[in-house]
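# Working through the structure, step by step
Each chain, written out:
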Amino acid sequence: MEKDSRIYIAGHRGMVGGAITRHLKLAGYTNLITRTSAELDLRNQGAVHTFFQVEKPEYVFLAAAKVGGIVANNTYRADFLYDNLLMECNIIHAAYQQQVTKLMFLGSSCIYPKMAPQPLREDYLLTGPLEHTNEPYAIAKIAGIKLCEAYRDQYGCDFISVMPTNLYGIGDNYHPQNSHVLPALIRRFHEAKIANAPSVTIWGTGTPKREFLYADDLADACIFLMQTYSEKELINVGTGEDLTISELAELVKDVVGFEGEIRYDTSKPDGTPRKLMDVSKLHKLGWKHSVDLKEGLALAYDDFLHTQIVAER
């Protein structure tokens, strides 16, 4: 990418797209193309194709997606499958038609089988059943990976797929029902602190292990890979380190400053037992994360507080 290349960031108001946009600006890229969902409905094929014809982007970061935690994924199963399929199909096909120089599709670690060996290697894709609670979202993301592979095979398109681990950071979704585990914990501990509650209850046993990557680290990796990686096979992006949900809860509790007790509702689902990414491929290319979890949590909590202040005005 050149500093004046026409770069389209799909989903620039989301956590990932926002981080990519910030990092591109900081790196001196001056020709960024963005549209809000009100300005461009990515589920509308005609509108997407017209947009690509008019704007003629050279590079595309496909970070737009309908996302959510276990409850949202399991409740809105049709929406998660339908909306994500439409968005990625429309953008990938339009990128091919308008001869985009390079496209990056951002997936999710949930594409891997529920009981896959750990850590999760890229070649474990499609080797076993998926976690039921987020199966529709995972299937949509797998379809996006396969679309990129197919357009590369048939048309020679330089379309690559990047699979991030669990993410958190600036611009995260802190909705009480539809958020992922880490922002949900930040909100829950904060509200318990304000209410001087004696305890916070967390779903499940606390034993599942998860890996977390600060979204700005992902953005840095995406820009690095857009410049250096042009292979058919997807590539994992993560830290290569994980911890239990109970350990995460203790960290969040400490960062937020909640002094009560942590309890676990074992009647609620745990989800996938473990999801640790094998990032050896990425490390060999020369990229590693720079923000450790406790530092990132402090930054995320500051962002949450800012979000709350803005919402209350």
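Residues numbered from 1 in each chain as written. Predicted model: local features only at pLDDT ≥ 70, side-chain atom pairs only at ≥ 80, totals over all residues. Heavy atoms only, no water.

For the rest of this paragraph, the subject is the nonpolar core. Core analysis: the largest hydrophobic core is formed by 41 residues, its most contacted members being Tyr8, Leu42, Phe52, Ile91 and Leu103. Of all the elements in the fold, those that place two or more residues in this core are strand E1 (7-10), helix H2 (45-55), strand E3 (59-62), helix H4 (77-97), strand E4 (102-106), helix H5 (135-155) and strand E5 (159-164). With sequence-adjacent residues up to four places away left out, Leu42 is seen in contact with Tyr8, Ala10, Val48, Ala64, Leu86, Met87, Asn90 and Ile91. If you look at the next biggest cluster of nonpolar residues, it comprises 32 residues, including Met15, Leu24, Phe61 and Leu218. (Core = buried A, V, L, I, M, F, W, Y, C linked by side-chain atoms within 4.5 Å. Buried < 20%, exposed > 50% of the residue type's maximum accessible area, 1.4 Å probe, protein only. Helix = DSSP H or I, 4+ residues; strand = E, 2+ residues; numbered from the N terminus. Contact = heavy atoms within 4.5 Å.)

The next point concerns the packing of aromatic side chains. In this description, a pair of aromatic rings is defined by centroid distance and the angle of the planes. According to the stated counting rule, one finds 12 aromatic pairs in the structure shown. The interplanar angle of 85° and the centroid separation of 5.6 Å between the aromatic rings of Phe51 and Phe52 together place this pair among those described as edge-to-face. Take Phe52: its relative accessible area is 0%, and that puts it in the buried class. Ring centres of Phe80 and Tyr137 lie 6.2 Å apart, and the angle between their planes is 80°; this geometry places the pair in the edge-to-face category. Note that Phe80 is positioned in helix H4 and Tyr137 in helix H5, a separation of 57 residues in sequence. On the basis of relative accessibility, which here comes to 1%, the residue Phe80 falls in the buried class. Take Tyr137: its relative accessible area is 11%, and that puts it in the buried class. A cation over a ring is seen here: Lys3 above Tyr29, with NZ or CZ 4.4 Å from the ring centre. Over the aromatic face of Phe80 sits the side chain of Lys66, whose NZ or CZ is 5.6 Å from the ring centroid. (Phe/Tyr/Trp six-rings, centres within 6.5 Å; stacked < 30°, edge-to-face > 60°. Lys NZ or Arg CZ within 6 Å of the ring centre and 35° of its normal.)

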